[in-house]
Amino acid sequence: MSRAKRIDREEGRAYWTMVLPAFAVYLLVMAFPIVLSIILSVSNYNGGKMFGGPKWGFAGFGQYARTVADPLFWNALKNNAYIVLVSVFGQLPLGFIFAYIIYRRIVKWPGFWQGVLYLPNIISIIVVGLLWQTVFSPSGPIAEFMNSIYHRAFEAKLSELFAAAGGFNVTDGLVKRILDLAGPSGAAMFANPVPDLKDFILSYPQGHLGQVINDLANLFAQKWRPAFLTRPDQAMLPVLFVILWMYTGMYLILFLANMQKIDVQVIESARIDGANEAQVMRHIILPALSGTMVNAAILAISGSLSSFALIFAMTGGGPSHVTEILSIYMYNKAFLGSPNFPLANAIALIMVAVSFLLIALTKALEKRYGGKEE
Amino acid sequence: MREHLTTTALGRAAGAAAKILAYAVMILFTVLTLYPIFWLVMNSFKTTREFQVSQLSFPKSPTLDNFAGAWKLGDFGKLFPNSIIYTVGATVGIILLSVLAGFAFAKIKSRATKPIYNSFVIGILLTIQSLMIPLFLEVNLLGIYDTRLAVLLVYIGAGLPIGIYLATEFIKGIPNALVESARIDGAGYFRVFWSIILPMSVPVATTLAILNVSNIWNEFALINILVSSTDLKSLPLGIYKFSGSLSSDYGKQFAALTIGMAPMLLFYVVFRKQITKGVAAGAVKG
């Protein structure tokens, strides 16, 4: 009796010594912030010491009303929704297709494709954000590539004109044709277009036709300064593209790992019995992956709500707030200009609520429409 | 007979077409994935002037000056050790606390298990980035703003839900008989933990290490609000410095990005198989 009691007590002590450290850290980092958020969101606390500093107290639910009345909040929520949509209708199907191609051994070197396509996931998001910011910048590589095409096309046309004139034979007619090619913006570079341009061309020595053509193309060829990240109406597109670029490989890994759990013999015997590839997909692979699909959708939702660094580095939420997502919107309310901590905390709670709501919804959909696993 | 022949020939043709299409798709996305990364590394060997003239060509006379410059300007000599401390410290913390608690949840009967374990599982769904602002206020309240302790605590806390879930599920699979026979031989629970559970938990510990190392090494949003002095910053914070006023110094910016990318690339090349396995195991949400 007393021995059993002693064992019970030892068991209890061991249990709590093992569980408490983890539970304490967890409460401190995940639970306490939520409680703090609830308190502060209905307060008028605005910085300074929480105890012994400026007095603060209950201030009602005004911050929630302010948040829902703010068009920027809805804009941020919309961008979060875009990210979820890109995941669900872009990354998921692409990842599934890649996984299927690798799983069914339609291509060789399965490890290679997997390794490459997952690669962006392990690069620091800040690096990814800054890299693509440069790629999409008005003077970035895309612009350089397009402009080199314009340049070459313009050079080709100039060469034709000079060839028709019989080489370096600069007449008023030729100069006029060059100006026609350059268009009004080209002519506007000169006070007296025809004589000025003629003098300019003639300032080159006779044999340097190639140099003349190159310089004229530099001067006149169309220059494209892409505004991917600077035009408010389209700045979200590159962001979504980068999200697709970065995370598709994760869904590939997820789908492939779960496809590999399917018994190969089931597929093989179905094939021997005359089932075609489409039937294998429809009746074996897809049903086996329905749980994985729901899991992936939930990952997409929480991924959207947890993304911060990519947009922070790539656009900072600009131009004029159009690429803000909820986390950036919240961050700006707390740290940009005069801080509004109650408001930021209200947004934090709204985000937590939204994520749980969406995940509950996904789960409910799975229960209602989901296929049977195993 | 003849019909049969044509269908298989057709089938073979269709199979070949599908193969070509599949290769085309895979190659296209491989190029799309690798080229930007290659482009970044390539340009880190150009001077800023050469970059401005030509971004797409190979560097004419490759230089390492950018790396030296970026290393100094970004204080990477300080940030690297910090990143290592945070990554190793938090990962070890997560693994140890998870396996400990997982052992208790899986092998010691208690009425407390259900509510506490479930609260951890709910935490898997919680995105800690949404708690950025209250966390910032909390560390200020506790007087640990701008300390390593705050960073480690937050990273460990954020990693615990998935860690405890995976560890508990794994340890449930260890036969009870092993634990019981050791207990009958008079071993205490901690003895059982050290000599039986921990050694047998190496697979799940590896998964957790894989999951957390790259996450923590690359983490930005949280540490951004937890520390402000350079002595405590991690690599991603240092790289971000190159986006503002320094962003027109392309040579150094690209070198900084390459430096920031290199350790994880190396980690990935060495542990690719374990990483992809770990990711698949860790991608559980509820």
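Definitions and cut-offs
Residues numbered from 1 in each chain as written. Chains lettered and ligands numbered in written order. Predicted model: local features only at pLDDT ≥ 70, side-chain atom pairs only at ≥ 80, totals over all residues. Heavy atoms only, no water. Helix = DSSP H or I, 4+ residues; strand = E, 2+ residues; numbered from the N terminus. Rg over C-alpha atoms; globule rule 2.2 N^0.38 Å. Buried < 20%, exposed > 50% of the residue type's maximum accessible area, 1.4 Å probe, protein only. Contact = heavy atoms within 4.5 Å. Areas by Shrake-Rupley, 256 points an atom, 1.4 Å probe, with all protein chains shown as cover. Lys, Arg positive; Asp, Glu negative; His and termini not counted. Charge placed at Lys NZ, Arg CZ, Asp CG, Glu CD. Salt bridge = Lys/Arg side-chain N within 4 Å of Asp/Glu carboxyl O. Polar contact = N/O pair within 3.5 Å; in protein donor to acceptor, adjacent residues only side chain to side chain. 1 Å grid on protein atoms, 1.4 Å probe; cavity = no way out; pocket = protein on both sides within 12 Å on 5 of 7 lines; lining within 4 Å. Points joined across faces, edges and corners; volume = space filled by probe spheres on them. Domains from an automatic or database assignment. Axes fitted to C-alpha atoms, helices over the stretch in contact; angles between N-to-C directions. Parallel < 35°, antiparallel > 145°, perpendicular 65-115°, else oblique. Left-handed = near helix turned anticlockwise from the far one by under 90°. Nonpolar A, V, L, I, M, F, W, Y, C, P; charged D, E, K, R; others polar. Phe/Tyr/Trp six-rings, centres within 6.5 Å; stacked < 30°, edge-to-face > 60°.

> For the overall build of chain B, give the residues involved together with the corresponding values.
Counting secondary structure elements, chain B contains 13 helices and 0 strands. For chain B, the succession of helices and strands along the chain, N to C, is α-α-α-α-α-α-α-α-α-α-α-α-α. Its C-alpha atoms give chain B a radius of gyration of 25 Å, more than 25% over the compact-globule value 19 Å for 286 residues. For chain B, the spread of C-alpha atoms along the principal axes amounts to about 80 × 75 × 35 Å. Evaluated residue by residue, chain B yields a buried proportion of 53% over its 286 residues. A fraction of 73% describes how many contacts in chain B between residues 6 or more apart in sequence connect residues 24 or more apart. As displayed, chain B offers around 12900 Å² of accessible surface, 68% of which is attributable to carbon and sulfur atoms.

> Can you lay out the overall build of chain A for me, pointing to particular residues and giving the numbers?
When helices and strands are tallied, chain A shows 16 helices and 0 strands. Here the C-alpha radius of gyration of chain A, 31 Å, is well above what a compact globule of 374 residues would show, namely 21 Å. Dimensions of chain A, computed from the C-alpha atoms along their principal axes, are close to 115 × 75 × 35 Å. Split into buried and exposed, the 374 residues of chain A put 49% on the buried side. Of the contacts formed within chain A by residues at least 6 apart in sequence, a portion of 69% connects residues at least 24 apart. On chain A, the mean spot of the 28 positive side-chain charges and the mean spot of the 21 negative ones are 11 Å from each other.

> Pulling in residues and values, what's your account of the interface of chain A and chain B?
Residue-level contacts link 90 residues of chain A with 93 residues of chain B. Scanning the region where chain A abuts chain B turns up 1 salt bridge. Between A:Glu10 and B:Arg183 there is a salt bridge; the shortest N-O distance is 3.3 Å. Where chain A meets chain B, there are 14 residue pairs in polar contact (both at pLDDT 80 or more).

> An account of helix α15 (residues 326-335) of chain A is needed here, citing residue identities and associated values.
In terms of burial, α15(A) is a largely internal element, 8 of the 10 residues being buried. Tucked inside the fold, the buried residues of α15(A) contact α3 (71-103), α13 (290-306), α14 (309-314) and α16 (341-369) of chain A together with α6 (132-141) and α11 (221-226) of chain B. Residue A:Gly337 follows α15(A) closely and has a positive phi angle near 65°.

> Any details on empty space enclosed by the protein? Residues and values, ideally.
Taken as a whole and assessed by the stated rule, the structure comprises 2 cavities of 30 Å³ or more. Estimates place the volume of the second largest cavity at around 60 Å³. The wall of the second largest cavity is formed by A:Leu28, A:Val29, B:Leu135, B:Glu138, B:Val139, B:Leu142, B:Ile144, B:Leu153 and B:Val154.

> Which residues make up the domain arrangement of chain A, and what values do they have?
Taken domain by domain, chain A comprises domain 1 (70-137 + 231-369) and domain 2 (141-220). The C-alpha centroid of domain 2 of chain A is placed 49 Å from the C-alpha centroid of domain 1 of chain A.

> Go over the packing of α3(A) against helix α10 (residues 236-259) of chain A, please, and point to the residues and values.
Residues and elements named next belong to chain A. Running from amino to carboxyl end, α3 crosses α10 at an angle of 40°, the nearest separation of the two axes being 6 Å. Considered as vectors, α3 and α10 are oriented oblique to each other. The two elements α3 and α10 meet at a crossing, and its hand is right-handed. For the contact of α3 with α10, the per-class residue count stands at 21 nonpolar, 6 polar and no charged.

> Outline the packing of aromatic side chains, listing residues and values.
For any two aromatic rings, the description comes down to two numbers: the centre-to-centre distance and the angle of the planes. For the structure on display, the rule yields 54 aromatic pairs over all chains. Seen in terms of ring centroids, A:Tyr26 and B:Phe120 are 4.5 Å apart; in terms of plane orientation they differ by 35°. Their pairing is tilted. A residue pair is termed interchain when its members come from two chains, as with A:Tyr26 in helix α1 (residues 2-41) and B:Phe120 in helix α5 (residues 113-125). Each member of the pair, A:Tyr26 as well as B:Phe120, is classed as buried. Aromatic side chains A:Phe73 and A:Tyr329 sit 6.2 Å apart centroid to centroid with 55° between the ring planes, which places their arrangement in the tilted category.

> Please provide a residue-by-residue account of the side chain of A:Ser304, values included.
Residue and element names in this part refer to chain A. Inspection of the secondary structure assignment puts Ser-304 in helix α13. At a separation of 2.9 Å, a polar atom in the side chain of Ser-304 contacts the side chain of Asn-80. With sequence-adjacent residues up to four places away left out, Ser-304 is seen in contact with Asn-80, Ile-83, Val-84 and Ile-325.

> Residue-level account of unusual backbone geometry, with values.
The phi torsion of most residues other than glycine is negative, and most of the peptide bonds are trans. Residue A:Pro319 is reached from A:Gly318 by a cis peptide bond, and omega for that bond is -5°. Locating A:Pro319 in the fold gives a position in the loop between α14 and α15. In this structure, B:Asp146 takes a positive phi of about 65° despite not being glycine. Take B:Asp146: it is sitting in the loop between α6 and α7 (148-172).

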